[in-house]
Each structure stands twice: as C-alpha cells, then as structure tokens.
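Chain by chain, the residues:
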Amino acid sequence: MQGQDGERDRRGARNGGESQAGAPACDSSAEVPAGAPDAEPRRGRPRSAAAERAILDAVIALLEAGEPLAGLSIERIARTAGVGKATIYRRWSGKEELFVDVVRDMEPDDPPVSGTAGLADLRVMLESLRTRGLAQRSSVLLVNIFAQMKSHPKLWEEYHGTVIAPRRVAMLEAVRRAVAAGELRDDLDVELIDDLFVGPMLVRTVHRPDAPLPDDLADRIITALLQGLAPAARV
C-alpha cells in the first residue's frame, strides 16, 4: 500500500536494519571463506510503484487544495502521502525534480515515434503538442501550475531541461530524417524548418488559448508548409 514503503523504512531503522520481521540483517563485516565465489553485488530496495503513485497523488491533492508550489515542503508531501521523507529522496533529488514529474504525470504521455521516419514522425509529435494543449485548456490546475512554474526560474529550468529540450531534439532529428529522405528541402537550416512546423501549433496552443485545435490541425500545418503560401500560378 502507499504508506507501507515509508513504514518499512522506519521499522528497519528501529530494528537495527532488519530486512524482515525477526530476520537479522546481513553482516557486511563477516569473513568470506577462502576460494568462495565473489558475492553477488548488493542491490538497493526495488522502487515501489505504489509509493511513487502515492507521492504524486499527494502533490496533486495539495495543489488542488490551493497550496502554492513554493509553499510545499518535502515533509508536508511525505505526511500527506503516508511515506517517509527518505522514500521521496530515493526517487527525486529535490522538489523541482518531483514537481516536473507531477506535471508530466498530469499531461498526456508522449506518443512513441518510429525513430526512422521523417514527416510521419513530425506529424506524430505535432499531434502530441496539440493534445497537450487540449489537456491544459481543460485543466485549471495545469494552467495554474505552469503559471507558478514560470515564476520560479529553477523549477522552470528543470522542466525545460528534462521535458521541453528533449522534445525539441526529437523534432530536430525527425526534420533531419525528412531532409535526408528528400521529403523536405536540403538548402534550409534545420532549426528554421523545425520552427516553421512547431511555431503554428505553439501559437494555437500557448499564445491563443481561445483558438480552435481541430483534429486535423497537424495535417493542415504540414500541408500548408509543403505547398507553400504563394498563390497558385494563374494559367
């Protein structure tokens, strides 16, 4: 259960490091018999999915209750989740890293891409950007979290470095594959091409929250760029 991970931590500490009830912990100072094979390397305790879920849910519950990001402490989160602070610190180095995972948990998952296609992968990633925009529009909590994140440089830097930057790298790689496959021009800077694809979707999802986000928006953006904006030649 959610609280058991932290309870095991506290019980182990009180009992001198017992790994199970009534079972003494291994003595690392015991001599190994001559000629015995090397001992198997020690592994840490397996991460508890239930504990991680409880921690993420605790942060979300506190935010929904009106607690500001800046006011949340690891102690408060641990108490709400029913775990020990050590359980949190085994998974996240600090609040910034934890809060980024909370936001990622609330957003739609990034869809898998082939890693070999060009325009096809670009379309998948543009569609993912559209669905994230829809999710933010439907969640007052997400809107508030992003507003607070941008006012905390360290937190925004963590989100940008671990979420936004990798997505941009993936888009750039897809652009390069499309260029190599002859799907896009090879005489333009790939970063400019990437901006041309992502820009319209960002305008719709971020800068124009009232703009429509139809299901075919990614296809329309790609088609418009491939066909160009100049009017068709008159016969």
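Procedures and definitions
Residues numbered from 1 in each chain as written. Predicted model: local features only at pLDDT ≥ 70, side-chain atom pairs only at ≥ 80, totals over all residues. Heavy atoms only, no water. Axes fitted to C-alpha atoms, helices over the stretch in contact; angles between N-to-C directions. Helix = DSSP H or I, 4+ residues; strand = E, 2+ residues; numbered from the N terminus. Parallel < 35°, antiparallel > 145°, perpendicular 65-115°, else oblique. Left-handed = near helix turned anticlockwise from the far one by under 90°. Contact = heavy atoms within 4.5 Å. Nonpolar A, V, L, I, M, F, W, Y, C, P; charged D, E, K, R; others polar. Patch = residues over 30% accessible without salt bridge, like charges linked within 9 Å, V, L, I, M, F, W, Y side chains within 5 Å. Areas by Shrake-Rupley, 256 points an atom, 1.4 Å probe, with all protein chains shown as cover. Salt bridge = Lys/Arg side-chain N within 4 Å of Asp/Glu carboxyl O. Phe/Tyr/Trp six-rings, centres within 6.5 Å; stacked < 30°, edge-to-face > 60°. Buried < 20%, exposed > 50% of the residue type's maximum accessible area, 1.4 Å probe, protein only. Expected span 1.5 Å × (residues − 1).

**Overview of the packing of helix α5 (residues 95-106) against helix α8 (residues 153-180)**
Next, step 1: α8 packs onto α5 with a crossing angle of 55° between their chain directions and a minimal axis gap of 9 Å. Classified by the interaxial angle, the pair formed by α5 and α8 is oblique. The two elements α5 and α8 cross, and the hand of that crossing is right-handed. Along its contact with α5, which presents Glu96, Glu97, Phe99, Val100, Val103 and Arg104, the element α8 presents Lys154, Leu155, Glu158, Tyr159, Thr162 and Val163.
Next, step 2: Here the residues of the contact of α5 with α8 sort into six nonpolar, one polar and five charged.

**Remarks on the environment of Ala178**
Next, step 1: The topology assignment puts Ala178 in helix α8.
Next, step 2: Sequence separation between Ala178 and Leu119 is 59 residues, and the spatial gap between their C-alpha atoms is 5.7 Å.
Next, step 3: Among all residues touching Ala178, those that are not within four sequence positions of it are Gly118, Leu119, Glu183 and Leu184.

**Describing the packing of helix α6 (residues 119-137) against α8**
Next, step 1: Interhelical geometry of α6 versus α8 gives an angle of 150° and a closest axis separation of 8 Å. For the element pair α6 / α8, the angle class is roughly antiparallel. Of the two elements, α6 crosses α8, and the hand of that crossing is left-handed. Touching Leu119, Asp121, Leu122, Met125, Leu126 and Arg132 of α6 are Arg167, Ala170, Met171, Ala174, Val175, Arg177 and Ala178, all from α8.
Next, step 2: Residue composition of the contact of α6 with α8, grouped by class: nine nonpolar, no polar and four charged.

**Here's the deal with a nonpolar patch on the surface**
Next, step 1: A surface patch of nonpolar side chains, about 290 Å² in accessible area, is lined by Leu188, Leu192, Leu196 and Leu225.
Next, step 2: Checked against the element boundaries, Leu192 lands in helix α9 (residues 190-207).

**Side note on the packing of aromatic side chains**
Next, step 1: Following the criterion strictly, the structure yields two aromatic pairs and no others.
Next, step 2: The interplanar angle of 80° and the centroid separation of 5.5 Å between the aromatic rings of Phe146 and Tyr159 together place this pair among those described as edge-to-face. Within this pair, whereas Phe146 is found in helix α7 (residues 140-150), its partner Tyr159 is found in helix α8, the two being separated by 13 residues in sequence. Both residues of the pair, Phe146 and Tyr159, belong to the buried class.
Next, step 3: An aromatic cluster is present here, built from Phe146, Trp156 and Tyr159 joined pairwise through their rings.

**Re helix α2 (residues 49-64)**
Next, step 1: Here α2 contains 16 residues, and its C-alpha end-to-end distance of 22 Å stays within 8% of the 22 Å for a straight helix at 1.5 Å per residue.
Next, step 2: Here α2 has its buried residues at Ala51, Glu52, Ala54, Ile55, Leu56, Ala58, Val59, Ile60, Leu62 and Leu63.
Next, step 3: Gly66 sits one or two positions beyond α2 and adopts a positive phi of about 100°.

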